[in-house]
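# Residue-level structural notes
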Amino acid sequence: MTSFFSKLEARVEEVNSLLCVGLDPHSKEILNDSVKTPTDKCDAAFTFCKTLIDATLPYAACYKPNAAFFEALGKDGEATLERVLKEIPSNVPILLDVKRGDIGSTAAAYAEACFEHLKADAVTLSPLMGWDSVAPFVTESYSSKGAFLLCKTSNPGSNDILALNLASGEAVYERIAKLAQNWSTSSGASLGLVVGATDADALEKARKAAGEKVWILAPGVGAQGGNLEQAAKAGLNSEGTAMLIPVSRGISRAADPAAAAKELQEMINSVRANIKQSSASTSGETIQPYQQEFLEFSLAQGVLKFGSFVLKSGRTSPYFFNAGLFATGAALDKLGRSYASAIMAAPQL
(Lines give C-alpha, C1' and ligand atoms only; values in the text may rest on other atoms or scores of the structure.)
Protein backbone atom coordinates (compact mmCIF):
# COMPACT_ATOMS: atom_id res chain seq x y z
CA MET A 1 0.00 0.00 0.00
CA THR A 2 1.25 3.49 -0.85
CA SER A 3 2.64 5.36 2.14
CA PHE A 4 1.34 8.78 3.07
CA PHE A 5 4.53 10.60 2.09
CA SER A 6 4.72 8.76 -1.24
CA LYS A 7 1.18 9.92 -1.95
CA LEU A 8 2.05 13.44 -0.84
CA GLU A 9 5.21 13.60 -2.96
CA ALA A 10 3.28 12.39 -6.00
CA ARG A 11 0.72 15.15 -5.49
CA VAL A 12 3.41 17.77 -4.93
CA GLU A 13 5.00 16.81 -8.23
CA GLU A 14 1.65 16.70 -10.03
CA VAL A 15 0.63 20.27 -9.16
CA ASN A 16 4.12 21.67 -8.46
CA SER A 17 2.99 22.98 -5.10
CA LEU A 18 3.77 22.81 -1.39
CA LEU A 19 0.61 24.68 -0.44
CA CYS A 20 -1.58 22.97 2.15
CA VAL A 21 -5.08 24.45 2.19
CA GLY A 22 -6.71 24.60 5.61
CA LEU A 23 -10.42 23.87 5.91
CA ASP A 24 -11.43 25.74 9.06
CA PRO A 25 -15.11 26.72 9.10
CA HIS A 26 -14.91 29.34 11.86
CA SER A 27 -18.31 30.41 13.19
CA LYS A 28 -17.53 33.99 12.18
CA GLU A 29 -17.11 32.91 8.59
CA ILE A 30 -20.19 30.73 8.22
CA LEU A 31 -22.81 32.44 10.38
CA ASN A 32 -25.25 34.98 8.90
CA ASP A 33 -28.92 35.86 9.18
CA SER A 34 -29.97 32.82 7.15
CA VAL A 35 -28.13 30.36 9.42
CA LYS A 36 -30.54 29.71 12.28
CA THR A 37 -30.67 26.00 13.12
CA PRO A 38 -27.93 23.42 13.84
CA THR A 39 -28.67 21.89 10.44
CA ASP A 40 -28.25 25.29 8.77
CA LYS A 41 -24.91 25.65 10.53
CA CYS A 42 -23.69 22.24 9.31
CA ASP A 43 -24.81 23.00 5.76
CA ALA A 44 -23.03 26.36 5.88
CA ALA A 45 -19.81 24.70 7.07
CA PHE A 46 -20.04 22.16 4.25
CA THR A 47 -20.64 24.85 1.63
CA PHE A 48 -17.79 26.93 3.00
CA CYS A 49 -15.35 24.01 2.69
CA LYS A 50 -16.59 22.77 -0.68
CA THR A 51 -16.25 26.27 -2.12
CA LEU A 52 -12.62 26.36 -0.96
CA ILE A 53 -11.87 22.90 -2.34
CA ASP A 54 -13.34 23.73 -5.73
CA ALA A 55 -11.43 27.01 -5.91
CA THR A 56 -8.03 25.75 -4.76
CA LEU A 57 -7.80 22.21 -6.14
CA PRO A 58 -5.34 23.12 -8.95
CA TYR A 59 -2.91 24.59 -6.41
CA ALA A 60 -3.27 22.37 -3.32
CA ALA A 61 -0.71 19.73 -2.42
CA CYS A 62 -3.08 18.56 0.31
CA TYR A 63 -5.98 19.66 2.48
CA LYS A 64 -5.94 20.08 6.25
CA PRO A 65 -9.39 20.12 7.85
CA ASN A 66 -9.33 21.11 11.52
CA ALA A 67 -11.53 18.66 13.41
CA ALA A 68 -12.27 21.14 16.22
CA PHE A 69 -14.46 23.35 14.03
CA PHE A 70 -16.56 20.37 12.99
CA GLU A 71 -16.84 19.05 16.54
CA ALA A 72 -18.13 22.49 17.53
CA LEU A 73 -21.07 21.97 15.17
CA GLY A 74 -22.60 19.48 17.60
CA LYS A 75 -23.88 15.96 17.08
CA ASP A 76 -23.90 16.27 13.28
CA GLY A 77 -20.41 17.74 13.11
CA GLU A 78 -18.62 14.48 12.31
CA ALA A 79 -21.10 13.68 9.55
CA THR A 80 -20.46 17.14 8.10
CA LEU A 81 -16.72 16.52 8.16
CA GLU A 82 -17.27 13.20 6.36
CA ARG A 83 -19.29 15.01 3.68
CA VAL A 84 -16.48 17.52 3.21
CA LEU A 85 -13.76 14.87 2.95
CA LYS A 86 -15.70 13.02 0.26
CA GLU A 87 -15.40 16.15 -1.90
CA ILE A 88 -11.60 15.81 -1.98
CA PRO A 89 -10.31 13.66 -4.89
CA SER A 90 -8.72 10.37 -3.82
CA ASN A 91 -5.29 11.34 -5.18
CA VAL A 92 -5.12 14.40 -2.92
CA PRO A 93 -3.81 13.68 0.62
CA ILE A 94 -5.98 14.57 3.60
CA LEU A 95 -4.14 15.69 6.72
CA LEU A 96 -6.63 15.71 9.59
CA ASP A 97 -5.67 18.28 12.21
CA VAL A 98 -6.69 16.63 15.50
CA LYS A 99 -3.60 17.05 17.72
CA ARG A 100 -4.29 13.84 19.62
CA GLY A 101 -1.99 12.62 22.37
CA ASP A 102 -2.76 9.58 24.51
CA ILE A 103 -1.61 6.01 25.09
CA GLY A 104 -2.77 2.41 24.75
CA SER A 105 -6.35 1.63 23.82
CA THR A 106 -7.29 5.32 23.85
CA ALA A 107 -4.73 6.17 21.16
CA ALA A 108 -5.83 3.13 19.17
CA ALA A 109 -9.44 4.33 19.35
CA TYR A 110 -8.47 7.80 18.16
CA ALA A 111 -6.55 6.23 15.27
CA GLU A 112 -9.54 4.11 14.31
CA ALA A 113 -11.80 7.17 14.31
CA CYS A 114 -9.42 9.14 12.08
CA PHE A 115 -8.51 6.42 9.61
CA GLU A 116 -11.43 3.99 9.51
CA HIS A 117 -14.37 6.38 9.81
CA LEU A 118 -13.02 9.64 8.41
CA LYS A 119 -10.59 8.02 5.94
CA ALA A 120 -7.81 10.53 6.61
CA ASP A 121 -4.33 9.88 5.22
CA ALA A 122 -2.46 11.50 8.11
CA VAL A 123 -3.02 13.30 11.41
CA THR A 124 -1.33 15.77 13.73
CA LEU A 125 -0.21 14.41 17.12
CA SER A 126 1.37 15.55 20.36
CA PRO A 127 4.46 13.40 21.01
CA LEU A 128 5.00 14.47 24.63
CA MET A 129 3.75 11.13 25.97
CA GLY A 130 6.37 9.29 23.92
CA TRP A 131 6.52 6.70 21.19
CA ASP A 132 3.73 4.55 22.59
CA SER A 133 1.32 7.46 22.09
CA VAL A 134 2.41 7.80 18.44
CA ALA A 135 2.78 4.16 17.38
CA PRO A 136 -0.95 3.27 17.17
CA PHE A 137 -1.36 5.85 14.39
CA VAL A 138 1.55 4.77 12.18
CA THR A 139 2.29 1.07 12.76
CA GLU A 140 0.68 -2.31 12.09
CA SER A 141 -2.62 -1.85 10.21
CA TYR A 142 -1.93 1.89 9.89
CA SER A 143 1.67 1.63 8.71
CA SER A 144 0.76 3.39 5.46
CA LYS A 145 -0.66 6.39 7.33
CA GLY A 146 1.30 9.47 8.39
CA ALA A 147 1.58 11.72 11.41
CA PHE A 148 2.99 15.19 11.97
CA LEU A 149 4.32 15.61 15.51
CA LEU A 150 3.90 18.93 17.31
CA CYS A 151 7.47 20.16 17.57
CA LYS A 152 7.57 23.98 17.88
CA THR A 153 4.10 25.37 17.35
CA SER A 154 3.24 28.83 16.03
CA ASN A 155 1.66 30.22 19.22
CA PRO A 156 3.78 32.42 21.55
CA GLY A 157 3.08 30.12 24.48
CA SER A 158 4.98 27.28 22.81
CA ASN A 159 8.14 28.80 24.29
CA ASP A 160 6.89 27.88 27.79
CA ILE A 161 7.72 24.23 27.19
CA LEU A 162 8.93 23.46 23.68
CA ALA A 163 11.79 25.98 23.75
CA LEU A 164 13.15 24.91 27.15
CA ASN A 165 16.77 23.78 27.11
CA LEU A 166 17.61 20.24 28.16
CA ALA A 167 20.74 19.13 30.01
CA SER A 168 22.19 18.09 26.65
CA GLY A 169 22.14 21.71 25.51
CA GLU A 170 19.40 21.19 22.94
CA ALA A 171 15.89 22.58 23.15
CA VAL A 172 12.88 20.33 23.69
CA TYR A 173 11.76 20.93 20.10
CA GLU A 174 15.17 19.90 18.77
CA ARG A 175 14.92 16.64 20.70
CA ILE A 176 11.44 16.06 19.25
CA ALA A 177 12.83 16.68 15.75
CA LYS A 178 15.53 14.07 16.32
CA LEU A 179 13.03 11.61 17.76
CA ALA A 180 10.85 11.95 14.65
CA GLN A 181 13.82 10.96 12.52
CA ASN A 182 14.86 8.14 14.85
CA TRP A 183 11.35 6.71 15.19
CA SER A 184 10.87 6.85 11.43
CA THR A 185 14.14 5.02 10.85
CA SER A 186 13.65 2.36 13.50
CA SER A 187 9.98 1.57 12.80
CA GLY A 188 9.52 2.56 9.17
CA ALA A 189 6.78 4.97 10.25
CA SER A 190 5.83 8.02 8.18
CA LEU A 191 6.49 10.90 10.58
CA GLY A 192 6.79 14.64 10.01
CA LEU A 193 6.97 17.69 12.24
CA VAL A 194 4.80 20.72 12.98
CA VAL A 195 7.05 23.78 13.29
CA GLY A 196 5.51 27.22 13.23
CA ALA A 197 6.38 29.60 10.41
CA THR A 198 6.36 32.36 13.04
CA ASP A 199 9.80 31.28 14.29
CA ALA A 200 12.26 31.01 11.41
CA ASP A 201 15.16 30.30 13.78
CA ALA A 202 13.35 27.31 15.26
CA LEU A 203 12.44 26.13 11.77
CA GLU A 204 16.08 26.19 10.73
CA LYS A 205 17.20 24.33 13.86
CA ALA A 206 14.42 21.76 13.57
CA ARG A 207 15.34 21.11 9.95
CA LYS A 208 18.98 20.62 10.95
CA ALA A 209 18.03 18.28 13.81
CA ALA A 210 15.57 16.23 11.77
CA GLY A 211 17.61 15.99 8.59
CA GLU A 212 16.78 16.48 4.95
CA LYS A 213 14.10 13.83 4.50
CA VAL A 214 11.66 14.63 7.32
CA TRP A 215 8.64 16.62 6.16
CA ILE A 216 7.74 19.78 8.06
CA LEU A 217 4.28 21.35 8.33
CA ALA A 218 4.81 25.06 8.99
CA PRO A 219 1.59 26.85 10.04
CA GLY A 220 1.43 30.55 10.85
CA VAL A 221 1.91 32.26 7.49
CA GLY A 222 -0.44 35.19 7.00
CA ALA A 223 -2.96 35.76 9.80
CA GLN A 224 -0.53 34.68 12.54
CA GLY A 225 2.27 36.89 11.24
CA GLY A 226 4.67 34.34 9.77
CA ASN A 227 6.81 35.55 6.87
CA LEU A 228 6.45 33.11 3.99
CA GLU A 229 9.84 33.75 2.40
CA GLN A 230 11.78 33.57 5.68
CA ALA A 231 9.94 30.42 6.75
CA ALA A 232 10.46 28.68 3.42
CA LYS A 233 14.18 29.46 3.38
CA ALA A 234 14.53 28.11 6.91
CA GLY A 235 12.39 24.99 6.56
CA LEU A 236 12.85 23.69 3.03
CA ASN A 237 15.54 21.10 2.47
CA SER A 238 18.38 21.56 -0.02
CA GLU A 239 16.15 20.26 -2.84
CA GLY A 240 13.51 22.87 -2.13
CA THR A 241 10.93 20.43 -0.80
CA ALA A 242 9.93 18.40 2.32
CA MET A 243 7.86 21.27 3.69
CA LEU A 244 4.14 22.02 3.60
CA ILE A 245 2.90 25.56 4.17
CA PRO A 246 -0.70 25.50 5.39
CA VAL A 247 -2.85 28.57 4.89
CA SER A 248 -6.48 28.92 5.96
CA ARG A 249 -7.77 32.44 6.52
CA GLY A 250 -5.34 33.93 4.02
CA ILE A 251 -7.27 32.04 1.35
CA SER A 252 -10.81 31.74 2.73
CA ARG A 253 -11.08 35.46 3.52
CA ALA A 254 -9.63 36.59 0.20
CA ALA A 255 -11.94 38.21 -2.31
CA ASP A 256 -10.83 35.56 -4.80
CA PRO A 257 -9.69 32.37 -3.00
CA ALA A 258 -8.47 30.76 -6.22
CA ALA A 259 -6.26 33.75 -7.03
CA ALA A 260 -4.97 33.85 -3.45
CA ALA A 261 -4.05 30.16 -3.58
CA LYS A 262 -2.32 30.57 -6.92
CA GLU A 263 -0.35 33.56 -5.65
CA LEU A 264 0.79 31.62 -2.58
CA GLN A 265 1.81 28.66 -4.72
CA GLU A 266 3.88 30.95 -6.96
CA MET A 267 5.51 32.71 -4.01
CA ILE A 268 6.52 29.39 -2.45
CA ASN A 269 7.84 28.10 -5.78
CA SER A 270 9.93 31.24 -6.22
CA VAL A 271 11.76 30.50 -2.97
CA ARG A 272 12.07 26.84 -3.94
CA ALA A 273 13.69 27.78 -7.24
CA ASN A 274 16.24 29.98 -5.49
CA ILE A 275 17.14 27.20 -3.08
CA LYS A 276 17.53 24.66 -5.86
CA GLN A 277 19.73 27.06 -7.81
CA SER A 278 21.86 27.74 -4.74
CA SER A 279 22.23 24.01 -4.03
CA ALA A 280 23.18 23.33 -7.64
CA SER A 281 25.90 25.99 -7.65
CA THR A 282 27.24 24.80 -4.31
CA SER A 283 27.37 21.17 -5.40
CA GLY A 284 29.40 22.24 -8.41
CA GLU A 285 32.27 23.46 -6.26
CA THR A 286 35.43 21.31 -6.47
CA ILE A 287 37.71 20.48 -3.59
CA GLN A 288 41.13 22.13 -3.82
CA PRO A 289 44.35 20.03 -3.90
CA TYR A 290 45.52 21.34 -0.50
CA GLN A 291 42.12 20.45 0.99
CA GLN A 292 42.28 16.95 -0.46
CA GLU A 293 45.82 16.50 0.88
CA PHE A 294 44.82 17.66 4.37
CA LEU A 295 41.77 15.36 4.52
CA GLU A 296 43.81 12.34 3.44
CA PHE A 297 46.52 13.17 6.00
CA SER A 298 43.92 13.61 8.76
CA LEU A 299 42.36 10.25 7.94
CA ALA A 300 45.75 8.53 7.88
CA GLN A 301 46.67 10.02 11.28
CA GLY A 302 43.35 8.95 12.83
CA VAL A 303 42.47 12.60 13.50
CA LEU A 304 39.35 12.44 11.32
CA LYS A 305 36.92 9.53 11.63
CA PHE A 306 33.55 8.89 10.08
CA GLY A 307 30.73 6.95 11.71
CA SER A 308 28.34 7.73 14.55
CA PHE A 309 29.77 9.57 17.53
CA VAL A 310 28.00 10.85 20.65
CA LEU A 311 29.56 14.19 21.60
CA LYS A 312 29.84 15.64 25.10
CA SER A 313 26.76 17.75 24.37
CA GLY A 314 24.77 14.56 23.87
CA ARG A 315 24.38 15.17 20.16
CA THR A 316 25.23 12.52 17.57
CA SER A 317 27.70 13.47 14.84
CA PRO A 318 28.54 11.61 11.60
CA TYR A 319 32.23 12.45 12.07
CA PHE A 320 34.75 13.11 14.81
CA PHE A 321 37.79 15.39 14.49
CA ASN A 322 40.35 15.17 17.30
CA ALA A 323 42.88 17.94 16.63
CA GLY A 324 44.79 16.90 19.77
CA LEU A 325 46.24 13.99 17.80
CA PHE A 326 48.33 16.45 15.77
CA ALA A 327 51.08 15.82 18.34
CA THR A 328 54.28 15.40 16.33
CA GLY A 329 56.41 18.05 14.72
CA ALA A 330 55.68 16.68 11.25
CA ALA A 331 51.94 16.69 11.91
CA LEU A 332 51.98 20.25 13.24
CA ASP A 333 54.02 21.32 10.21
CA LYS A 334 51.40 19.81 7.89
CA LEU A 335 48.63 21.48 9.87
CA GLY A 336 50.36 24.88 9.65
CA ARG A 337 50.92 24.55 5.91
CA SER A 338 47.28 23.66 5.39
CA TYR A 339 46.13 26.70 7.34
CA ALA A 340 48.47 28.89 5.32
CA SER A 341 47.07 27.50 2.06
CA ALA A 342 43.50 28.16 3.24
CA ILE A 343 44.38 31.77 4.14
CA MET A 344 46.08 32.40 0.79
CA ALA A 345 43.09 30.90 -1.07
CA ALA A 346 40.60 33.17 0.71
CA PRO A 347 38.74 35.41 -1.78
CA GLN A 348 39.34 38.46 0.43
CA LEU A 349 43.08 38.36 -0.36
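Above this text you will find the structure in question.
All of the points below concern the structure found in this document. Just so it is clear, the structure is predicted and the values come from calculations on it, not from any experiment.

So, on to the packing of aromatic side chains. What the rule picks out here adds up to 10 aromatic pairs. Geometrically, the ring pair formed by Phe 5 and Trp 215 is stacked, given 6.3 Å between the ring centres and 15 degrees between the ring planes. One end of the pair, Phe 5, is in helix H1 (residues 4-15); the other, Trp 215, is in the loop between helix H9 (200-210) and strand E7 (216-217), with 210 residues separating them in the sequence. On the accessibility criterion, Phe 5 (9% relative accessible area) is buried. Residue Trp 215 is classed as buried on the basis of its relative accessible area of 4%. Seen from their ring centres, Trp 131 and Trp 183 are 5.5 Å apart, and the 45 degrees between their planes marks the pair as tilted. One end of the pair, Trp 131, is in helix H7 (residues 131-138); the other, Trp 183, is in helix H8 (residues 172-187), and 52 residues separate them in sequence.

Before going further, it helps to spend a moment on the sheet that holds strand E1 (residues 19-23). Spatially, eight strands are ordered E2-E1-E8-E7-E6-E5-E4-E3 in an open sheet, and the strand pairing comes out parallel. Strands with a single pairing partner mark the edges of an open sheet, and in this sheet they are strand E2 (62-65) and strand E3 (95-100). Of the strand pairs in this sheet, strand E5 (residues 146-152) and strand E6 (residues 190-195) are connected by six bridges, and their pairing is parallel. Its bridge partner being in E6, Leu 150 is matched across the sheet by Val 194. Of the strands in this sheet, E2, strand E4 (122-125), E5, E6 and strand E8 (243-247) touch H1, which is tilted by about 65 degrees from E6.

So, on to the nonpolar core. Counting 95 residues, the largest nonpolar core has Leu 23, Leu 96, Val 123, Phe 148, Leu 193, Trp 215 and Leu 244 as the members making the most contacts within it. Membership of the second largest hydrophobic core comes to six residues, among which are Phe 297, Phe 326, Ala 331 and Leu 335.

Here helix H6 (residues 104-117) spans 19 Å end to end across 14 residues, near enough to the 20 Å set by a 1.5 Å rise per residue. Those residues of H6 that fall on the buried side of the exposure criterion are Ala 107, Ala 111, Cys 114 and Phe 115. All buried residues of H6 fall inside an arc of 80 degrees around its axis, so they share one side. Residues of H6 that are buried make contact with E3, E4, H7 and E5. After H6 finishes, the residue Lys 119 shows a positive phi value of roughly 60 degrees.

Looking now at the packing of H9 against helix H10 (residues 228-235). Interhelical geometry of H9 versus H10 gives an angle of 20 degrees and a closest axis separation of 8 Å. As summarised for this structure, H9 and H10 are arranged roughly parallel, according to the angle between their axes. As H9 runs across H10, the sense of the crossing is right-handed. Residues Ala 200, Leu 203, Glu 204 and Arg 207 of H9 lie in contact with H10, whose contacting residues are Gln 230, Ala 231, Ala 234 and Gly 235. Here the residues of the contact of H9 with H10 are counted per class, giving four nonpolar, two polar and two charged.

Conventions used here
- Every residue gets a number counted from 1 within its own chain, in the order that chain's sequence is written.
- Per-residue local features of the predicted model are confined to residues with pLDDT of at least 70, and side-chain atom pairs are confined, for both listing and counting, to 80 or more; whole-chain, interface and lining totals are unaffected and use all residues.
- Only hydrogens and water are set aside; all other atoms, that is, all heavy atoms of the structure, feed into the side-chain values.
- Any two rings among Phe, Tyr and Trp, with Trp reduced to its six-membered ring, count as a pair given centres within 6.5 Å; such a pair is stacked if its planes are under 30 degrees apart, edge-to-face if over 60, and tilted if neither.
- Every helix listed is a DSSP run of H or I at least four residues long, and every strand listed is a run of E at least two residues long, numbered separately from the N terminus.
- A 1.4 Å probe rolled over the protein chains alone gives each residue an accessible area, and that area as a share of the maximum for its type sets the label: buried under 20%, exposed over 50%, partly exposed in between.
- A pair of strands is labelled paired if DSSP reports no fewer than 2 bridges between them.
- Contacts are assigned to residue pairs with any non-hydrogen atoms lying within 4.5 Å of each other.
- Axes here refer to lines fitted to C-alpha atoms; in helices the fit is confined to the stretch in contact. Angles between the N-to-C directions go from 0 to 180 degrees.
- Take the buried residues of types Ala, Val, Leu, Ile, Met, Phe, Trp, Tyr and Cys, join any two whose side-chain atoms come within 4.5 Å, and each joined set is a nonpolar core.
- Helices are assigned an expected span. That span is 1.5 Å times one less than the residue count.
- Arc definition: directions from the helix axis to the C-beta atoms.
- Comment on the angle field: the value is read as roughly parallel under 35 degrees, roughly antiparallel over 145, roughly perpendicular from 65 to 115, and oblique elsewhere.
- For a crossing to be left-handed, the near helix must be turned anticlockwise from the far one by less than a right angle; the clockwise case is right-handed.
- Polar here means any residue outside two lists: the nonpolar Ala, Val, Leu, Ile, Met, Phe, Trp, Tyr, Cys and Pro, and the charged Asp, Glu, Lys and Arg; Gly therefore counts as polar.

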